[in-house]
Amino acid sequence: MGELLVEFVCAEKDGHNLRASTYAGPYASGAPGIFIDQAARVGASTIFAGAVGGDAFGQVLLDRFGSVGVSQALVRTVAGIPTGSAFVSYNSDGSRDFVFNIAHSAAAHLPIGGEAIDAFADFGLDAFHISGSTLGDSRMAAAALHVCTALHERGVAISFDPNVRKELLADPAYIDTVRALLAISTFVLPSVEDAAVLFPGESFESFSRRFHEAGARYVVLKRGEAGCIGSEAGGNIESFDAHAVEVVDPTGAGDCFCATFVALATSGRFSFRDALRFANAAGALAVGKVGPMEGNSSLRDIEAFLESRA
């Protein structure tokens with residue numbers, strides 16, 4: 001559940017979206033959308049709740065979901081309001097500058113209340129994922145927390161990627177929502193940047209132990225160029241180095257990693273170690289193409305990549 005966007009990528013570096021340039025797109029995007037696309041590609045049965053405008057960009061997203069089998073039963077088409085958008089400009093130091101249109105677009109019109117909760121429950125969810133990117137708008141954050149709380153009470157595993165936005169940390173309501181979601185999560189999936197903000201000075205072993213004691217089954221730390229480390233309830237810890245690959249476009253790699261791990265860990269066919277190993281490889285594959293979803297991969301793609309690295 002969350003925001004759906006189309007993304008445009010500037011062809012030139014260091015422009016900061018401030019000067020006329022050529023942009024490639026529209027690419028299907030939005031962190032939750034990237035997640036669900038990848039989850040479907042690795043074999044999960046998937047459903048998404050969100051909204052698009054009744055325009056060509058909305059159709060780009062609907063077509064993308066249709067191509068991989070994501071159920072669109074809870075994707076609204078909102079007439080008279082544009083589909084959400086993002087423009088990204090890359091810099092030579094690896095940083096990115098974004099211009100978003102979310103709050104005043106269809107992206108913010110999430111299905112809420114009993115409609116979404118009942119539909120998700122009827123789908124027979126094993127896990128429900130939320131990205132912290134969805135919490136930047138107060139209406140979206142409230143809808144996300146309401147649905148997560150209700151599904152958690154019904155026994156659905158909550159998966160949460162904090163995706164902390166530092167510019168929002170001064171808002172007590174924002175950080176309270178982040179902490180409320182962490183408290184009910186079965187899958188806790190921070191990045192090193194998230195951990196530095198949420199658990200300053202604390203080791204992975206320390207904060208992962210706290211989450212396991214509170215009920216989390218899996219805690220995984222995405223470490224970018226350093227790979228990943230994860231733990232499961234019971235104390236087992238696994239880690240993997242990052243794969244050396246050419247980084248063409250890093251947007252969406254973390255979402256792709258999370259989707260692969262959650263989908264495989266809930267499938268009953270993969271061990272914790274293998275789910276983490278495949279997620280680590282999926283994240284490496286994700287950075288190899290321009291466009292936030294264009295590097296998403298199937299199980300066959302991931303297996304071939306791992307075989308080539310053996």
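Provided above is the structure to which this section pertains.
Residues numbered from 1 in each chain as written. Predicted model: local features only at pLDDT ≥ 70, side-chain atom pairs only at ≥ 80, totals over all residues. Heavy atoms only, no water.

Attention now moves to the overall build of the chain. Helix and strand content of the chain: 10 helices and 12 strands. Its C-alpha atoms give the chain a radius of gyration of 18 Å, near enough to 19 Å, the size a compact globule of 310 residues would have. Principal-axis analysis of the C-alpha atoms gives the chain an extent of 50 × 45 × 40 Å. Burial status across the chain gives 53% buried among its 310 residues. (Helix = DSSP H or I, 4+ residues; strand = E, 2+ residues; numbered from the N terminus. Rg over C-alpha atoms; globule rule 2.2 N^0.38 Å. Buried < 20%, exposed > 50% of the residue type's maximum accessible area, 1.4 Å probe, protein only.)

For the structure shown, the criterion picks out 15 aromatic pairs. Plain terms: the ring middles of Tyr23 and Phe87 are 5.9 Å apart, the flat faces sit at 80 degrees to each other, and that makes the pair edge-to-face. Placement of the pair is Tyr23 in strand β2 (residues 23-29) and Phe87 in strand β5 (residues 84-90), with a sequence separation of 64 residues. In this structure Phe87 comes out as partly exposed when scored by relative accessible area, which is 31%. Arranged with centres 6.0 Å apart and planes meeting at 80 degrees, the rings of Phe261 and Phe272 form a pair that is edge-to-face. Taken together, the positions of Phe261 in helix α8 (residues 253-265) and Phe272 in helix α9 (residues 272-286) put the pair 11 residues apart, joining distant regions of the chain. One exposure class covers both Phe261 and Phe272, and it is buried. (Phe/Tyr/Trp six-rings, centres within 6.5 Å; stacked < 30°, edge-to-face > 60°.)

What follows covers the sheet that holds strand β8 (residues 157-161). The 6 strands are arranged β7-β8-β9-β10-β11-β12 in an open sheet whose pairing can be described as mixed. Strands at the two margins of the open sheet, each flanked by one partner only, are β7 (127-131) and β12 (237-240). Strand direction decides the pairing type here: β7 and β8, joined by 5 bridges, are parallel. Its bridge partner being in β8, Phe128 is matched across the sheet by Ile158. Across the sheet, helix α4 (residues 138-153) lies against β7 and β8, angled at about 155 degrees from β7, the strand it touches most. α8 rests against β7, β8, β9 (187-188), β10 (218-222) and β11 (228-232) of the sheet, and its axis sits at about 155 degrees to β10. (Pairing = 2+ DSSP bridges. Contact = heavy atoms within 4.5 Å. Axes fitted to C-alpha atoms, helices over the stretch in contact; angles between N-to-C directions.)

This paragraph deals with the sheet that holds strand β6 (residues 96-101). Each strand in a sheet pairs with another by means of backbone hydrogen bonds, the pair being arranged parallel or else antiparallel. If you walk across this open sheet you meet the 4 strands as β2-β1-β5-β6, and the pairing is mixed. The sheet terminates laterally at β2 and β6, the two strands that pair on one side only. Strand-to-strand twist across the sheet, computed as the mean angle between neighbouring axes with direction ignored, equals 20 degrees. Looking at chain direction, strand β1 (residues 5-10) and β2 are connected through 5 bridges and run antiparallel. Bridging across to β2, Leu5 finds its partner in Ser29. Strands β1 and β2 of the sheet are contacted by helix α2 (residues 56-68), whose axis makes an angle of about 50 degrees with β2.

This next bit is on α8. In a regular helix each residue adds 1.5 Å, so 13 residues correspond to 18 Å; α8 covers 18 Å between its end C-alpha atoms and thus fits that length. Within α8, 12 of the 13 residues are buried, which leaves the element mostly enclosed by the surrounding structure. (Expected span 1.5 Å × (residues − 1).)

Okay, the packing of α9 against helix α10 (residues 299-309) next. At their nearest, the axes of α9 and α10 sit 9 Å apart, and the two run at 90 degrees to each other. The orientation of α9 with respect to α10, classified from their angle, is roughly perpendicular. Judged by residue contacts, Arg277, Phe278, Ala281, Ala282, Ala284 and Leu285 of α9 engage Leu299, Asp301, Ile302, Glu303, Phe305 and Leu306 from α10. For the contact of α9 with α10, a count of residues per class yields 9 nonpolar, no polar and 3 charged. (Parallel < 35°, antiparallel > 145°, perpendicular 65-115°, else oblique. Nonpolar A, V, L, I, M, F, W, Y, C, P; charged D, E, K, R; others polar.)

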